[in-house]
Amino acid sequence: MLRKAFYRFFRANETKVHELNYLFWECTTRCNLHCRHCGSDCMAASADKDMPLEDFLRALDTIPVKERPRVFTVVLTGGEPLLRPDIAEVGRAIRQRGLFWSMVSNGWFYDEAMHRKLMAAGMGALTISLDGLGDNHDWMRGRAGAFERTERAIALAAKEPRLNFDVVSCINRRSITQLDALYDKLVSLGVKQWRIFTIIPIGRAKEDPEMHLTDAEFVRLMDFIQAKREAAAAVKEGPRPMNVTFSCEGYLGRYEQKVRQNPFFCRAGVNIASVLIDGRICGCPNIDRDVFSQGNIYQDSLWEVWQHRFEPFRRHDWARRGRCADCPVWRDCLGNGMHNWHGDCSEVINCHYAKTL
Amino acid sequence: MKWLHNLLKGLSLTACLFVFQACYGTPEPPYEPDIDMGDNPAPVLVTEPQADTPEALPETAAPLTETEE
């Protein structure tokens, strides 16, 4: 009880301070894959052109040097960031400002030459997505050969000691049957960190029943992660087992701190902002941008927007509606992750807590 | 309260509270100043570039080969 009270106090204080630690840049919405769960309906030929590097840098430079916390990362995301021919130049420009950067990729283009190029440009962290084994990954990603290419990329990145690297997996009704095999595969590739998440019912995934775990399957996933974490904690000597964790995508009730290190805290708009492909400024890129965007770098100063807007991200009172209105865990959940509110926001579209009851 | 934020961050027992990653983001970089500053040229390639490189894809691209159901 005391622990919960402390964490609520900590979270409230962090929200008040709202230090910007994590800035996504949606640097392209082009993508070479056609993922079934894509929230942004990315495609090879996007309606939006890649944002010019200089436009993003102009926004980044609105953050005064003295206000930049020591812990600050620019996360390149897409689309597929490696489709930008200037990706290394992007990284260099960020690094030359004394800042750190990282990237989320599907791994298709991540070969040895690319790896060396990005490391030389100062990449500090990398996440590669793997959503299943063999054909299951290809099915999810909409392209034959994706698994083979991703597996190669993972093996390459996992060997790099200077890179903080993890693999993310979007678990669906097909891959839930492959959890142990996926674990073994990642261990064999040398992966140290595996982060698991589930699929939000938006974009292409909304009407696809194979994307969404049943409540029983969700509990099975939680039990799997908990068991792996407990087994890893029991190892006191020798190499550390792979760290398996559930993403901070929602409040998990009885599984809180059993499937990830810290209690649930949606930091979108509290510590996390994004510059979207058209210049809009929002929390995380998977949040409903038509509802929650707070400004646009082509009209506003990114820093001013961060300092003075983002009210719906920092005060969640508005979310106390629908099934959240009289929820017994409101004080710990605060309406779940911001990406679970879309459209008219009359109801949260995903309640992780309810799945665990 | 910034002072409290800084105090908690400095305490080893609570420092882990500040380590986070966005659900669809990356882990934090190591924040070590000796990470390449990007002022070194990329090393000479030791492997042949692959046929399907990003440079080979046009900006307004063609249909993809999708997997069979």
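Residues numbered from 1 in each chain as written. Chains lettered and ligands numbered in written order. Predicted model: local features only at pLDDT ≥ 70, side-chain atom pairs only at ≥ 80, totals over all residues. Heavy atoms only, no water.

## Overview of unusual backbone geometry
All names here are of chain A. Note that the residue after Gly-78, namely Gly-79, is joined by a cis bond; omega there is 10°. Position of Gly-79 relative to the elements: it lies in the loop between strand E2 (73-77) and helix H3 (87-95). Backbone geometry places Asn-336, a non-glycine residue, at a positive phi of 65°. As for its placement among the helices and strands, Asn-336 is situated in the loop between helix H12 (330-333) and helix H13 (352-355). Located in the positive-phi region is Cys-345, a residue other than glycine, with phi close to 55°. With respect to the element layout, Cys-345 can be found in the loop between H12 and H13. (Helix = DSSP H or I, 4+ residues; strand = E, 2+ residues; numbered from the N terminus.)

## Points about the pattern of salt bridges
Residues and elements named next belong to chain A. Overall, the coordinates contain 24 salt bridges over all chains when judged by the stated rule. Glu-26 is paired through a salt bridge with Arg-289; the nearest N and O atoms lie 2.9 Å apart. On the criterion of sequence distance, the pair formed by Glu-26 in strand E1 (residues 22-26) and Arg-289 in helix H9 (residues 289-292) is long-range, its members being 263 residues apart. The shortest N-O distance in the salt bridge between Asp-278 and Arg-280 comes to 2.9 Å. Among the residues examined, Asp-278 registers a relative accessible area of 30% and is labelled partly exposed. A single salt-bridge network, built from bridges that share partners, covers Lys-4, Arg-8 and Asp-332. (Salt bridge = Lys/Arg side-chain N within 4 Å of Asp/Glu carboxyl O. Buried < 20%, exposed > 50% of the residue type's maximum accessible area, 1.4 Å probe, protein only.)

## Description of a nonpolar patch on the surface
Residues Phe-6 and Phe-9 of chain A together with Met-1, Trp-3 and Leu-7 of chain B make up a contiguous nonpolar surface patch of roughly 510 Å² in combined accessible area. Mapped onto the nonpolar patch, the elements with two or more residues apiece are helix H1 (2-17) of chain A together with helix H1 (2-10) of chain B. For Phe-9 of chain A, the location among the structural elements is in helix H1. The exposure class of Phe-9 of chain A is partly exposed, given its relative accessible area of 42%. (Patch = residues over 30% accessible without salt bridge, like charges linked within 9 Å, V, L, I, M, F, W, Y side chains within 5 Å. Areas by Shrake-Rupley, 256 points an atom, 1.4 Å probe, with all protein chains shown as cover.)

## Considerations on the confidence of the model for chain B
Residues and elements named next belong to chain B. Here chain B averages 63 in pLDDT, and 35% of its residues register 70 or above. A low-confidence stretch, residues 60-69 stays under pLDDT 50, and its non-local contacts, those more than four residues away or across chains, total 22 contacts. Among the prediction metrics, the complex's ipTM stands at 0.88, with pTM recorded as 0.90. (pLDDT = per-residue confidence, 0-100. Contact = heavy atoms within 4.5 Å.)

## Section: the pairing of strand E3 (residues 100-105) of chain A
All names here are of chain A. The element E3 is largely enclosed, with a buried count of six among its six residues. A two-sided burial pattern is seen for E3, the buried positions comprising Phe-100, Ser-102 and Val-104 on one face and Trp-101, Met-103 and Ser-105 on the other. In this structure, E2 lies alongside E3, joined through four bridges in parallel fashion. Across the sheet, Thr-73 pairs through a bridge with Phe-100, a residue of E3. Viewed along the sheet, the connection from E2 through H3 into E3 turns out right-handed. (Pairing = 2+ DSSP bridges. Right-handed = clockwise from strand over helix to strand, strands pointing away.)

## A look at the packing of aromatic side chains
Residues and elements named next belong to chain A. With the rule as written, the count across this model stands at 14 aromatic pairs over all chains. On the numbers, 5.9 Å between centres and 80° between planes, the contact of Phe-218 with Phe-246 is edge-to-face. With Phe-218 in helix H8 (residues 215-234) and Phe-246 in strand E7 (residues 243-246), the pair connects residues that are 28 residues apart, well separated along the chain. Here Phe-218 and Phe-246 have matching classes, each one buried. Among the aromatic side chains, those forming a connected cluster through ring pairs are Phe-292, Trp-306, Phe-310, Phe-313, Trp-318 and Trp-341. (Phe/Tyr/Trp six-rings, centres within 6.5 Å; stacked < 30°, edge-to-face > 60°.)

## With respect to the sheet that holds E2 of chain A
Remark on secondary structure: sheet strands pair via backbone hydrogen bonds, oriented parallel or antiparallel. Residues and elements named next belong to chain A. One open sheet holds the ten strands; their spatial order is E7-E6-E5-E4-E3-E2-E1-E8-E9-E10, and the pairing between them is mixed. The sheet is open, and its two borders are formed by E7 and strand E10 (295-296), each paired with just one other strand. Where E1 meets E2, five bridges bridge the pair, whose relative direction is parallel. In the sheet register, Trp-25 faces E2, and the bridge partner there is Leu-76. In this fold H3 packs onto E1, E2 and E3, with an angle of close to 150° to the strand it touches most, E3. Along the sheet, H8 makes contact with strand E6 (193-197) and E7, crossing E7 at roughly 145°. (Axes fitted to C-alpha atoms, helices over the stretch in contact; angles between N-to-C directions.)

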